[in-house]
Amino acid sequence: MVKRIAVCGLGYVGLPVAVAFARRFDVIGFDVDKRRIERLKEGDDWTGEIERDVLLASPLTFTDSVQALEGCDFFVVAVPTPVDERNNPDFSLLVRACQSIGPVMRAGCIVVFESTVHPGATEEICGPELEKVSGLRCGIDFKLGYSPERINPGDREHPLEKIVKIVSGQDEESLEIIAGVYEKIIDAGVHRASSIKVAEAAKVLENTQRDINIALMNEMSKICDLVGIRTSEVLTAAGTKWNFLKFTPGLVGGHCIGVDPYYLTSKAQELGYHPEVILSGRRINDGMANHVASRVVQTLARNGGLNASTRVGILGMTFKENVPDIRNSKVVDLYKALGSYGITPVACDPMVDSDQMEHEYGIKLVERDGFRDLDVLILAVPHRETMDTIWEDIPHLVKRGGMVCDLKSVLDSKRLQSDLVYWTL
Ligand SMILES: NC(=O)c1ccc[n+]([C@@H]2O[C@H](COP(=O)([O-])OP(=O)(O)OC[C@H]3O[C@@H](n4cnc5c(N)ncnc54)[C@H](O)[C@@H]3O)[C@@H](O)[C@H]2O)c1
């Protein structure tokens, strides 16, 4: 019987998990970020995943002191697993999390990792680190588990409880305990993977599959552009076949789809296999910001609109719609790529904390009032809030004869004034 759960890392993944567990268990949430802990105690989740009233009503307690985790017998770790500047997996935060919880672990406890990693990482990296710090024996005194997170931030239709959760454990006994704990909070049920490696591989495969399919759509969009047809119309037509997969072109940013495949490819390379399809998909997706910038500049140059006073505006700076998250946003790459052509775009995003944007990327956001009279409007991220008024806004946003770049192909081009140049992926 699990008595007390500690959730380590309270970001997009950890906080919803902790809140859900707190409905059924005694739960303590731990994060190294003091500011995050203070804000959560006040009911403020800056990721926007948990509503204020839900957070304030939750019996979940928060701490930035690892000693407060003493007595917990079930640990869930959800810290970031990014890549470095050369796209090599960076396990340092995961290792640090193990070093934090090791000293407070007691015999009989279970540690479940939710962070995305390559197959083998939980047992080859986390287990030994926990052993070293705790002085306990992995597989004997404590057991490991892995349960990948599948939430989609900003997506209200697929909350944690409604997505089947893959669970895995080091042996039959730990698997059953872990499955039992997650079954208490996951209405959709759990899938018991046959091993931790299988569960780890399943997660990276899910995101790698998305990445490659988006890469295919991005390649197709370049071809459609050359042919002179709209990709979205091709996709609508092709989508009438029962087994056509629904993917759309776009910038692939964030900390999952554009990152996780590198965990898989680095493990493959370590084992002597050099993945081709996965890495070529990554190259295509990583090159899309430059492609968009070059098409904007080409169009401006052809129409005689490229000069020192050309105003290019980017609407939406996050890595995807309806989230405030700007980490690894490829729209930032687009901003920089335009800069390499001598254009300093104006950027606006109603969902983004402008201080954070300036701090992270040195980009000063403009308010909606100052975001108008553009030669080029790049609708990069169609947040719900943006789209609610887009048709009233467009006449003020873009000058007559200007260009509208609709990266997600969400606008009906027939509704635009006829003097505007429309371009989409
Ligand atoms: N965000 C997603 O959509 C998503 C979906 C599925 C899986 N994942 C995976 O889940 C993991 C976490 O991602 P996230 O988006 O929640 O990250 P995040 O950056 O939103 O949150 C991570 C939190 O962990 C904290 N932290 C860092 N090091 C710590 C430590 N040593 N001890 C305690 N806390 C620590 C940070 O302060 C932060 O609050 C990653 O591996 C990610 O790939 C993310």
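Rules of the game
- Residues numbered from 1 in each chain as written.
- Predicted model: local features only at pLDDT ≥ 70, side-chain atom pairs only at ≥ 80, totals over all residues.
- Heavy atoms only, no water.
- Helix = DSSP H or I, 4+ residues; strand = E, 2+ residues; numbered from the N terminus.
- Rg over C-alpha atoms; globule rule 2.2 N^0.38 Å.
- Contact = heavy atoms within 4.5 Å.
- Areas by Shrake-Rupley, 256 points an atom, 1.4 Å probe, with all protein chains shown as cover.
- Lys, Arg positive; Asp, Glu negative; His and termini not counted.
- Charge placed at Lys NZ, Arg CZ, Asp CG, Glu CD.
- Domains from an automatic or database assignment.
- Buried area = accessible area lost by both parts, 1.4 Å probe.
- Salt bridge = Lys/Arg side-chain N within 4 Å of Asp/Glu carboxyl O.
- Polar contact = N/O pair within 3.5 Å; in protein donor to acceptor, adjacent residues only side chain to side chain.
- Phe/Tyr/Trp six-rings, centres within 6.5 Å; stacked < 30°, edge-to-face > 60°.
- Buried < 20%, exposed > 50% of the residue type's maximum accessible area, 1.4 Å probe, protein only.
- Pairing = 2+ DSSP bridges.
- Axes fitted to C-alpha atoms, helices over the stretch in contact; angles between N-to-C directions.
- Core = buried A, V, L, I, M, F, W, Y, C linked by side-chain atoms within 4.5 Å.
- Near = heavy atom within 4 Å.
- Nonpolar A, V, L, I, M, F, W, Y, C, P; charged D, E, K, R; others polar.
- Patch = residues over 30% accessible without salt bridge, like charges linked within 9 Å, V, L, I, M, F, W, Y side chains within 5 Å.
- Parallel < 35°, antiparallel > 145°, perpendicular 65-115°, else oblique.
- Left-handed = near helix turned anticlockwise from the far one by under 90°.

Colleague: What is the right way to look at the overall build of the chain in this model?
Modeller: Check the secondary structure of the chain and you find 15 helices and 13 strands. At 23 Å, the chain has a C-alpha radius of gyration in line with the 22 Å of a compact globule built from 425 residues. Seen through its principal axes, the chain has C-alpha atoms that stretch 70 × 50 × 40 Å. Once local pairs closer than 6 in sequence are excluded, the contacts in the chain between residues at least 24 apart make up 69%. Carbon together with sulfur atoms contributes 51% to the accessible area of the chain, which is approximately 19600 Å² in total. Where the 48 positive side-chain charges of the chain centre and where its 61 negative ones centre are 2 Å apart.

Colleague: Could you clarify how one ought to interpret the domain arrangement of the chain in this entry?
Modeller: Interfaces are often sized by the amount of accessible area the parts lose when they come together. Domain annotation of the chain identifies domain 1 (4–203) and domain 2 (287–424). For domain 1 and domain 2, the distance between their C-alpha centres works out to 37 Å. Across the domain 1/domain 2 interface, buried area totals approximately 480 Å², and carbon plus sulfur atoms make up 46% of it. When the area that domain 1 buries against domain 2 is broken down by residue, the three leading residues are Tyr 12, Pro 153 and Gly 154, summing to 70%. At the boundary of domain 1 and domain 2, one finds zero salt bridges. Taken together, domain 1 and domain 2 are joined by two residue pairs in polar contact (both at pLDDT 80 or more).

Colleague: Would you explain the packing of aromatic side chains in this entry?
Modeller: The description of an aromatic ring pair rests on the distance of the ring centres and on the angle between the ring planes. Per the counting criterion, the structure on display carries three aromatic pairs. Between Phe 21 and Phe 25 the ring centres are 5.9 Å apart and the planes differ by 75 degrees, which places this aromatic pair in the edge-to-face class. Classification of Phe 25 by relative accessible area gives buried; the value is 14%. Three or more aromatic residues joined by ring pairs form one cluster here, namely Phe 21, Phe 25 and Tyr 182.

Colleague: Is there a simple way to explain the sheet that holds strand S1 (residues 4–8) in this structure?
Modeller: Hydrogen bonding along the main chain pairs the strands of a sheet, whether they run parallel or antiparallel. The strand order across the open sheet built from eight strands is S3-S2-S1-S4-S5-S6-S7-S8, with neighbouring strands paired in mixed fashion. Every other strand in the sheet has two partners, leaving strand S3 (61–63) and strand S8 (190–192) as the edge strands with one partner each. On average, each strand axis in the sheet is inclined to that of its neighbour by 25 degrees, with strand direction left out of account. Along the sheet face, helix H5 (residues 121–134) touches strand S5 (110–113) and strand S6 (143–146) and points at about 140 degrees away from the line of S6.

Colleague: Quick question: what am I supposed to make of the nonpolar core here?
Modeller: Within soluble globular proteins, side chains that are nonpolar tend to cluster in buried spots. In this structure, Leu 69, Phe 75 and Phe 113 are the most contacted members of the largest nonpolar core, which totals 38 residues. Per element, the largest residue contribution to this core is four residues, and it comes from helix H4 (residues 92–101). Beyond its immediate chain neighbours, meaning those up to four positions away, Leu 69 contacts Ala 6, Ile 28, Phe 30, Thr 63, Phe 75, Ile 101 and Val 104. Counting residues in hydrophobic clusters, the runner-up holds 35 residues, among them Val 7, Val 76, Leu 160 and Leu 175.

Colleague: It is not clear to me how the site of the ligand should be interpreted in this structure. Could you clarify?
Modeller: By nearness alone, 26 residues border the ligand, and Val 13, Asp 31, Thr 81, Thr 116 and Arg 327 come closest of all. The contact in question runs from an oxygen atom of the ligand to an N or O atom on the side chain of Thr 81, over 2.5 Å. A total of 830 Å² of accessible area belongs to the ligand in isolation, and the protein chains cover 91% of it. Looking at the shell around the ligand residue by residue, the classes come out as 14 nonpolar, six polar and six charged.

Colleague: Mind showing me how you'd approach a nonpolar patch on the surface here?
Modeller: On the surface, Met 220, Ile 223, Val 227 and Ile 229 cluster together into a nonpolar patch covering about 350 Å² of accessible area. Relative to the elements of secondary structure, Ile 229 occurs in the loop between helix H7 (196–227) and helix H8 (231–238). Look at Ile 229 and you get partly exposed, because its relative accessible area is 45%.

Colleague: Looking at this model, I keep getting lost on the packing of H7 against helix H9 (residues 260–270). Mind explaining?
Modeller: Packed helices, taken two at a time, are described by their axes: the angle between them and the distance between them. Direction vectors running N to C along H7 and H9 enclose 115 degrees, while the axes themselves pass 8 Å from each other. As summarised for this structure, H7 and H9 are arranged roughly perpendicular, according to the angle between their axes. Considering how the two elements wind past one another, H7 and H9 form a crossing that is left-handed. In this structure, H7 contributes Lys 203, Val 204, Asn 207, Thr 208 and Asp 211 to the contact, and H9 contributes Asp 260, Pro 261, Tyr 263 and Leu 264.

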